[in-house]
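Listed below, chain by chain, are the residues.
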Amino acid sequence: MDYTGLLHQLIDGMRCPEPEHGGRYLIRFAKPQQYEACLVELSRMRNEFTDLGGVRTSRLARTLIAPVQSPDVLYRYGDDITIEEDTPISLHSTALHNKPSTPQGIPWGVKQIRAPKVWSVSTGHRIKIGVIDTGADYHHPDLRYSLARGINLLNRSLLPHDDNGHGTHIAGTIAAANSTEGMIGVAPRSLIYPVKAFDHNGSAYVSDIVLGIDWCVRNKVDIINMSFGMKTRSKSLLDVVNRAYHAGIVIVASSGNDGKRRSIDYPARYPQTISVGATDKNRRIASFSNRGAYVDVYAPGDKIVSSWVHGKHHEMSGTSMATSHVSGAIALLLAKHPGLSPAEIKTLVKRATVPLRARKSTTAKSKIRGGELDALKLMQEGDG
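Note that this is a predicted model, so its numbers are computed, not measured.

Asks: Report on the sheet that holds strand β6 (residues 98-100), specifying residues and quantitative values.
Replies: Here three strands make up an open sheet; going across it, the order is β6-β17-β16 and the pairing antiparallel. The sheet is open, and its two borders are formed by β6 and β16 (304-307), each paired with just one other strand. Recorded for the sheet is a direction-independent mean angle of 30° between the axes of neighbouring strands. Inspection of the sheet shows β6 paired to strand β17 (residues 313-316) by three bridges, in the antiparallel sense. Along β17, the bridge assignment pairs Asn 98 with Met 316. Packed on one face of the sheet, helix α4 (residues 166-175) meets β16 and β17 and runs near 100° to β16.

So, in structure tokens, the structure goes:
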């Protein structure tokens, strides 16, 4: 294979500031010398690109993110590179219920999954949870003892401060520990490692998530909370999810807010994750939640009050909120049973549920799959 031709095609594509046929692409080289030669040439030209090899892991080495003018011409080099679009990815909260609120001590969702019944035997002590999101509010009274340093992938010289609110909301449901003036999360003595991959608008790309999961693997977290998703597959995302799974990390992912019955978003659709749908106070599947055979478990996700930026509290709805309840419950389990594998935990989670209630519009023939997670039953299953 003439590598010179491949190099020229990449360089030509990156000269165009606004590619005609799309934008960012993940380009993975099969051979180190090809990757290194391209890096040298791109550095010399001062082109805009990101070197995923810079994270110093053997698996991500030889990967670039770059604008390409005409990606089609690169496919002839299929033996030497793999190329896929660096797809945008979205947070899983709805705009319908996002409003200021007052703290509730123990929020209804935390009570509904019976987390307080477990606190006499486990509070999630020292379980490390990577929350790949918009960051966290390090000054929030609810999270004063709940946040580790984490990583800001958008600016590595800064702490992963939250400039959106979504990540702080997730962190609060999992690990808030302010019983006097604020709220208590599901696992109040667990430790959140905020991984800021999403900007102030709640926007990110697959490459940001790949880097975030890679950071979690290298920092040996126990659980990764992923309250986001996309409609399309990504080989790069699947590869890094696989790597986390085989490293013994439990991956909890939200199913999406499209109200679909036969489909859920990626990465929740990958079998290596625990996919989560949302319920309301009546244990009915929330109208916005994706549902069906691909959803492993449901949890409270409708009108959830949790921590917010600037020390405040907000009410939000979404499968994002449901996912944080499940991550917290798994932290309670892992603190007491640290040797459990991701596969064993997924089996226990699917078993430790209470039945869902049908909506009035549901016909008698419609079978409701799955159930709502019960943290007390999860601990009892783990003890058994």
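Structure shown, so let's carry the discussion forward.
Asks: Any details on the nonpolar core? Residues and values, ideally.
Replies: Formed by 51 residues in total, the largest nonpolar core has its most connected members in Ile 223 and Ile 330. Counting residues per element, this core draws most heavily on helix α7 (residues 319-336), which supplies nine residues. Not counting residues up to four positions away in its chain, the partners in contact with Ile 330 are Ile 223, Val 250, Val 252, Ile 274, Ile 345, Val 349 and Leu 378. Core analysis: the next-biggest nonpolar cluster, separate from the first, contains 40 residues, Ala 204, Val 221, Ile 224 and Ile 249 among them.

Asks: Describe the sheet that holds strand β12 (residues 228-229), naming the residues involved and giving the relevant values.
Replies: The sheet built from three strands is open, its strands ordered β10-β5-β12 with antiparallel pairing. Each edge of the sheet is formed by a strand with only one pairing partner; in this case those strands are β10 (203-205) and β12. The sheet contact formed by strand β5 (residues 88-91) and β12 spans two bridges and is antiparallel. The residue of β12 that forms the bridge with Ser 90 is Gly 229. Each of β5, β10 and β12 is contacted by helix α5 (residues 206-218), which is oriented at about 75° to β10, the strand it contacts most.

Cut-offs and rules
- Residues numbered from 1 in each chain as written.
- Predicted model: local features only at pLDDT ≥ 70, side-chain atom pairs only at ≥ 80, totals over all residues.
- Heavy atoms only, no water.
- Pairing = 2+ DSSP bridges.
- Helix = DSSP H or I, 4+ residues; strand = E, 2+ residues; numbered from the N terminus.
- Axes fitted to C-alpha atoms, helices over the stretch in contact; angles between N-to-C directions.
- Contact = heavy atoms within 4.5 Å.
- Core = buried A, V, L, I, M, F, W, Y, C linked by side-chain atoms within 4.5 Å.
- Buried < 20%, exposed > 50% of the residue type's maximum accessible area, 1.4 Å probe, protein only.

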